[in-house]
Amino acid sequence: MALLPILRFPDVRLKKVAAPIAKIDESLRQLVSDMAETMYEAPGIGLAATQVDVHKQLVIIDISEDKSDLRVFINPRLERCDGFQEGEEGCLSVPGIYEKVERAEQVTVHYLDLEGKEQSLVAEGLLAVCLQHELDHLNGKVFVDHLSQLKQTRIKNRLAKQARVTA
Ligand code: NI
């Protein structure tokens, strides 16, 4: 097990589009385990492989209170999006920033599990938000891309200031 470094916005590597995973093997299982350790340590409720500079279609999510419900999504695709919700989002790649983002209330996602089996899941509420947020990462998008240009500039300035303070 190992903690992986998390890319920070506006790192250009966060804009890479992830490639589909062709083979589920030991190295992928190791990556899932390292990503889970990294997400729990942060702590966060979701992590996309993109954020640890691995540009493969892999997302992990655990929205439980006690880290007991790790969900792994390989090659996930959003098939249906219904309704509307707006909630405050944060991201391990955009530390300390929380902003309201509009999302679908309910989504259906198709994916492979760690055994390579086709699965589908209907999610709503927080899990739906989390899925949309993490799948955005696989497409090279972070949640601040949903905000106005002005807000994005403010966030970049704040993060640059934070980096100077902690450097
Ligand atoms: Ni994120």
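Residues numbered from 1 in each chain as written. Predicted model: local features only at pLDDT ≥ 70, side-chain atom pairs only at ≥ 80, totals over all residues. Heavy atoms only, no water.

Some details on the UniProt feature "active site" (unreviewed entry) in the protein
Residues given the UniProt feature "active site" (unreviewed entry) here are Glu134. Summarising the element assignment, Glu134 is placed in helix 2 (residues 125-138). Setting aside residues no more than four positions away along its own chain, Glu134 makes contact with Gly46, Leu47, Ala48, Gln51, Val59 and Ile61. (UniProt positions renumbered as here; feature names shortened; annotations may be inferred. Helix = DSSP H or I, 4+ residues; strand = E, 2+ residues; numbered from the N terminus. Contact = heavy atoms within 4.5 Å.)

With respect to the side chain of Asp34
Position of Asp34 relative to the elements: it lies in helix 1 (residues 26-41). No salt bridge is formed by the buried Asp34, whose closest oppositely charged neighbour, Lys56, lies at an N-O distance of 11 Å. Those residues in contact with Asp34, other than ones at most four positions away along the chain, are Met1, Ala2 and Leu4. (Buried < 20%, exposed > 50% of the residue type's maximum accessible area, 1.4 Å probe, protein only. Lys, Arg positive; Asp, Glu negative; His and termini not counted. Salt bridge = Lys/Arg side-chain N within 4 Å of Asp/Glu carboxyl O.)

Comments concerning helix 3 (residues 149-166)
Look at helix 3: 26 Å from first C-alpha to last across 18 residues, which is about the 26 Å you get at 1.5 Å a residue. Turning to helix 3, the residues buried within the fold contact strand 5 (94-103). (Expected span 1.5 Å × (residues − 1).)

Quick notes on unusual backbone geometry
A cis amide bond links Phe9 to the next residue, Pro10, at an omega of 5 degrees. Mapped onto the secondary structure, Pro10 falls in the segment before helix 1. That bond from Ala42 to Pro43 is cis: its omega, -10 degrees, falls within 30 degrees of zero. Take Pro43: it is sitting in the loop between helix 1 and strand 1 (46-48).

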